[in-house]
Amino acid sequence: MKLKISLVFLTTVFSFILWTACDKIEDPLKITDQKDYPLNPDDTLFFVDSVLVQNKQVLLEDFTGHKCVNCPKAAKELHEMMEELHPSLVSYTVHAGNFAVPSPGTVFSTDLRSPLSERLFTEFGIFANPIAMIDRVEYNGLRQVFTTSWNTVVTQQLQTPNTANLKLKNIYFPKLDIVVIDVDVEFLSALEGQYNLVVYLVEDGIVSPQLNNDPTIGPDTLMNFVHHNVLRGAVNAAYGDPINLSGNIVSGQTFTKRYTYQINPDWVTENCRIIAYIGKSDDALNLIDIIQVAELGIKTEE
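In this text, all values refer to a predicted model and were calculated from it rather than measured experimentally.

## Looking at the overall build of the chain
Next, step 1: The secondary structure content of the chain amounts to 4 helices and 16 strands.
Next, step 2: For the chain, buried positions account for 50% of its 302 residues.
Next, step 3: Once local pairs closer than 6 in sequence are excluded, the contacts in the chain between residues at least 24 apart make up 73%.
Next, step 4: Here the chain displays about 14300 Å² of accessible surface, and carbon together with sulfur accounts for 51% of that area.

Shown next as structure tokens:
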């Protein structure tokens, strides 16, 4: 009920804001009834941020777990790649499988899994940790890529032509802890098949113990290990919303979508980020061959 009330109230608040702040937001809505005005003006507080991606960016999905002893080394290598390639490389961690199962009563009691992460782990046949999918393309006949090949596949994908521009904008309402997400897609080339838009929420900077077998990183148990961009859930659906229901994509085609998402009170909103990507629908694996990705943090203050 609380969520329902919040969403209804957000609708009225958001309408008011768009009407009074149209210099910030395109295509403002109009208030049609005086009762739509918010009772408390403080509830109109909001923050806006946006990003426009016009070059090919690459998505790396890192399948990991807090009991995976080899994962800290992989995380360190990924962090170094992110620093070198930012913002062209976007990544999140998928905590799933046996190595991610929490152990109540121990230091490994934190559960970083989600129904979405377990679903991706199962449906893509992840058989080891650490392992990644990079743009969900095949490399040496597999879509699962070992750490030794991460840099090679990322470099390969960054060299592919950009076929779609992706604009991501979020509007955060701190009084309600709700974020409104606008996504705009512009295709630059004709593409065969059906493509979907996927929007996920991740949380960065979660400090929780992690097993480790690399002495150059630290002891066997890293008590204050920082888990980056942990996949929390889907804003729309695991494999997104269809962009083209029939026919192929034509050059110049556009697609716009708006989502409203209630932030889980157990998450740290200022550490949450929105990741949106476009992939090709597949009968066997649901969604593969990601052509573009964008990442945007949730702005929670001026």
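Okay, back to it.
## Re helix H2 (residues 71–85)
Next, step 1: Its 15 residues give H2 an end-to-end C-alpha distance of 21 Å, which sits within 8% of 21 Å, the value for a rise of 1.5 Å per residue.
Next, step 2: Among the residues of H2, those classed as buried are Cys71, Pro72, Ala74, Leu78, Met81, Met82 and Leu85.
Next, step 3: Those residues of H2 that are buried are in contact with strand E2 (58–64), strand E3 (89–95), helix H4 (150–158), strand E9 (210–211) and strand E10 (221–222).

## Description of the packing of aromatic side chains
Next, step 1: Under the defined criterion, the tally for this structure stands at 6 aromatic pairs.
Next, step 2: Between Tyr200 and Tyr277 the ring centres are 5.6 Å apart and the planes differ by 85°, which places this aromatic pair in the edge-to-face class. One end of the pair, Tyr200, is in strand E7 (residues 195–203); the other, Tyr277, is in strand E15 (residues 272–282), with 77 residues separating them in the sequence.
Next, step 3: Residue classification places Tyr200 among the buried positions, given a relative accessible area of 0%.
Next, step 4: Assessed through its relative accessible area of 0%, Tyr277 is described here as buried.
Next, step 5: An aromatic cluster is present here, built from Tyr92, Tyr200 and Tyr277 joined pairwise through their rings.

## Considering the state of the cysteines
Next, step 1: Within this structure, the stated rule accounts for 1 disulfide.
Next, step 2: The disulfide that involves Cys68 links it to Cys71, with 2.2 Å between the sulfurs. One quick way to see it: the torsion about the S-S bond of Cys68 and Cys71 is about 90°, and its sign makes the bridge right-handed. Side by side, Cys68 and Cys71 carry an identical accessibility label, which is buried.

## Focus: the nonpolar core
Next, step 1: Residues Ile181, Val183, Leu197, Val199, Leu201 and Ile278 are the most contacted members of the largest nonpolar core, which totals 32 residues.
Next, step 2: Those elements that provide at least two residues to this core are strand E1 (47–53), strand E5 (164–173), strand E6 (178–187), E7, strand E14 (254–262), E15 and strand E16 (286–297).
Next, step 3: The element contributing the most residues to this core is E6, with 5 residues.
Next, step 4: With residues up to four places along the chain from it excluded, the contact list for Leu197 reads Val183, Asn236, Gly240, Asp241, Ile243, Phe255, Lys257, Tyr259, Ala276, Tyr277 and Ile278.
Next, step 5: In this structure, Ala96, Leu120, Tyr239 and Ile290 belong to the second largest nonpolar core, which totals 24 residues.

## Thoughts on the confidence of the model for the chain
Next, step 1: On average, residues of the chain score 89 in pLDDT, and 86% of them are at 70 or above.
Next, step 2: Contacts for the low-pLDDT stretch residues 1–9, under 50 throughout, to residues beyond four places or in other chains number 8 contacts.

## Digging into the layout of surface pockets
Over the atoms rolls a probe the size of a water molecule, and its path tells where empty space is left.
Next, step 1: If you add up the space inside the largest pocket, you get close to 650 Å³.
Next, step 2: His79, Met82, Ser91, His228 and Asn229 are the residues nearest the centre of the largest pocket, which is lined by 32 residues in total.
Next, step 3: Put simply, the parts of the chain that give the lining of the largest pocket at least two residues each are E1, E2, H2, E3, strand E11 (226–227) and E16.
Next, step 4: It is H2 that provides the largest number of residues to the lining of the largest pocket, a total of 8 residues.
Next, step 5: Taken together, the residues of the lining of the largest pocket sort by class into 15 nonpolar, 11 polar and 6 charged.

Rules used throughout
Residues numbered from 1 in each chain as written. Predicted model: local features only at pLDDT ≥ 70, side-chain atom pairs only at ≥ 80, totals over all residues. Heavy atoms only, no water. Helix = DSSP H or I, 4+ residues; strand = E, 2+ residues; numbered from the N terminus. Buried < 20%, exposed > 50% of the residue type's maximum accessible area, 1.4 Å probe, protein only. Contact = heavy atoms within 4.5 Å. Areas by Shrake-Rupley, 256 points an atom, 1.4 Å probe, with all protein chains shown as cover. Expected span 1.5 Å × (residues − 1). Phe/Tyr/Trp six-rings, centres within 6.5 Å; stacked < 30°, edge-to-face > 60°. Disulfide = S-S within 2.5 Å. Core = buried A, V, L, I, M, F, W, Y, C linked by side-chain atoms within 4.5 Å. pLDDT = per-residue confidence, 0-100. 1 Å grid on protein atoms, 1.4 Å probe; cavity = no way out; pocket = protein on both sides within 12 Å on 5 of 7 lines; lining within 4 Å. Points joined across faces, edges and corners; volume = space filled by probe spheres on them. Nonpolar A, V, L, I, M, F, W, Y, C, P; charged D, E, K, R; others polar.

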